[in-house]
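# Topology and contacts: notes
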Amino acid sequence: MAVNRSAVITKLHKVLKKHYQPVEPAATRTLLENLLFACCLENAPYAAAEEAYRAVSTAFFDWNEVRVTTVKELAEILRALPNPQAAAGHLRRSLQSLFEANYSFDLEPMKKLNLGQAVQKLASYDGVSPFAVAYVTQYSLGGHSIPLDSGAMGVLAVVGLVPENAPPKDGCPGLERAVPKNKGLEFGSLLHQIGADFTAGPFSTNLHKVLLEVDPEAKARLPKRQSKVEKKPDEPAAEPAAKSTTKADPAGGVKAKTGDEKKADGGKTQAGKGAPAKSDAGKAEASKGDEKKKSGDGGAKKSSGPTVSGAASKKSVPPAAKKSSPPAKKPPAKAPPTIAKRKPR
């Protein structure tokens, strides 16, 4: 079913007048000042925008000093705004682009141009958003253009006038035709106020009541909170393997092997299968070492027999019979000294 856009816009205007009061702009601001104020006003309430604009205009000597200031410093001064970082970026880029094009910040000569030429030139500057172009057109150039930011586009999407998530640059077809020019300032102010509330709290119950008053069938298009996804409990981490400890059997029997000991035995078996076989000489040396240990424990002497290689070396070798030690030799007896006999004279 086609939506009667003109009827919806008329009803929207009527409902907004019941819940909001139009805000009149400052009549003494120049075209440049309205442009910079629009950078602060986008997606922000009027009170916060006025406070931020007043802070930035009094914190610096002139607009050229604002141009050479970093975005971080500007955002600190514009902290009254919902999104000071974005506003500071628009403000600084707009001043930089204007200075590079004109080497000054005087935009009053633009009022002498044709409205279409002035709007086209204004939109060509970097940092000047579609909202700022429409605001300056409405309040400084005498044109009829309703300023639309993302909050206002969200409200128009709920009442069915624009597609969901449509950007502000697409605008709302037929809006300026449905709203008379003499009601443009009032309607633009009311729409901006509900748009700022939509940006600050899209799930507000009071806001939803106002939107449903405009279109009772808009319930399905209202912003909804995303349901929390239930997180699956994390699987418990595997317990570290217990250290292998041998416990004595209280009954005096054979000690039972733990699971870790069985794994260790299995690993040794696999390692033994994969390891190369020892040479005969190595086995002989190993058997000699075993015999030495046995002789040290049991008092038996080393085996004098030949070593057996291969499977025979694994069998226990009986100790050799103990040989009797030879008797100790006595030292030879010394002969008595001989006395030489004297010959008779």
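As a starting point, this report considers the structure included with it.

We now examine the packing of helix α2 (residues 31-41) against helix α6 (residues 84-102). Between α2 and α6, whose axes approach to 8 Å, the crossing angle comes to 150°. In terms of their interaxial angle, α2 and α6 are classed as roughly antiparallel. When α2 is examined against α6, the residues Leu32, Leu35, Leu36 and Cys39 are found in contact with a partner set consisting of Ala87, His90, Leu91, Ser94, Leu95 and Leu98. Counted by class, the contact of α2 with α6 contains eight nonpolar, two polar and no charged residues.

Moving on to unusual backbone geometry. Phi is positive for asparagine 43, close to 60°, though the residue is something other than glycine. Notably, asparagine 165 is not glycine yet its phi reads approximately 65°, a positive angle. Residue asparagine 165 is classed as exposed on the basis of its relative accessible area of 73%.

Moving on, we come to the state of the cysteines. Linking two cysteines covalently through their sulfur atoms gives a disulfide. Throughout the structure, instances matching the rule amount to zero disulfides. Left unpaired, cysteine 39 is separated from the closest cysteine sulfur, that of cysteine 40, by 6.7 Å. Take cysteine 39: its relative accessible area is 4%, and that puts it in the buried class.

Two residues of an α-helix separated by three or four positions point the same way, owing to the 3.6 residues in each turn. For helix α9 (residues 150-158), a buried count of eight out of nine residues is recorded, marking the element as mostly surrounded by other parts of the structure. Note on α9: the residue one or two positions beyond its end, glycine 160, has a positive phi of about 85°.

Right, let's get into the packing of helix α11 (residues 184-200) against helix α12 (residues 205-214). Where α11 contacts α12, the axes come no closer than 10 Å and their chain directions differ by 135°. Taken together, the axis directions place α11 and α12 in an arrangement best described as oblique. Seen from above, α11 lies across α12 with left-handed handedness. Facing Ile194, Asp197 and Phe198 of α11, the residues of α12 in contact are Leu207, Val210 and Leu211. In terms of residue class, the contact of α11 with α12 is built from five nonpolar, no polar and one charged.

About the criteria used
- Residues numbered from 1 in each chain as written.
- Predicted model: local features only at pLDDT ≥ 70, side-chain atom pairs only at ≥ 80, totals over all residues.
- Heavy atoms only, no water.
- Axes fitted to C-alpha atoms, helices over the stretch in contact; angles between N-to-C directions.
- Helix = DSSP H or I, 4+ residues; strand = E, 2+ residues; numbered from the N terminus.
- Parallel < 35°, antiparallel > 145°, perpendicular 65-115°, else oblique.
- Contact = heavy atoms within 4.5 Å.
- Nonpolar A, V, L, I, M, F, W, Y, C, P; charged D, E, K, R; others polar.
- Buried < 20%, exposed > 50% of the residue type's maximum accessible area, 1.4 Å probe, protein only.
- Disulfide = S-S within 2.5 Å.
- Left-handed = near helix turned anticlockwise from the far one by under 90°.

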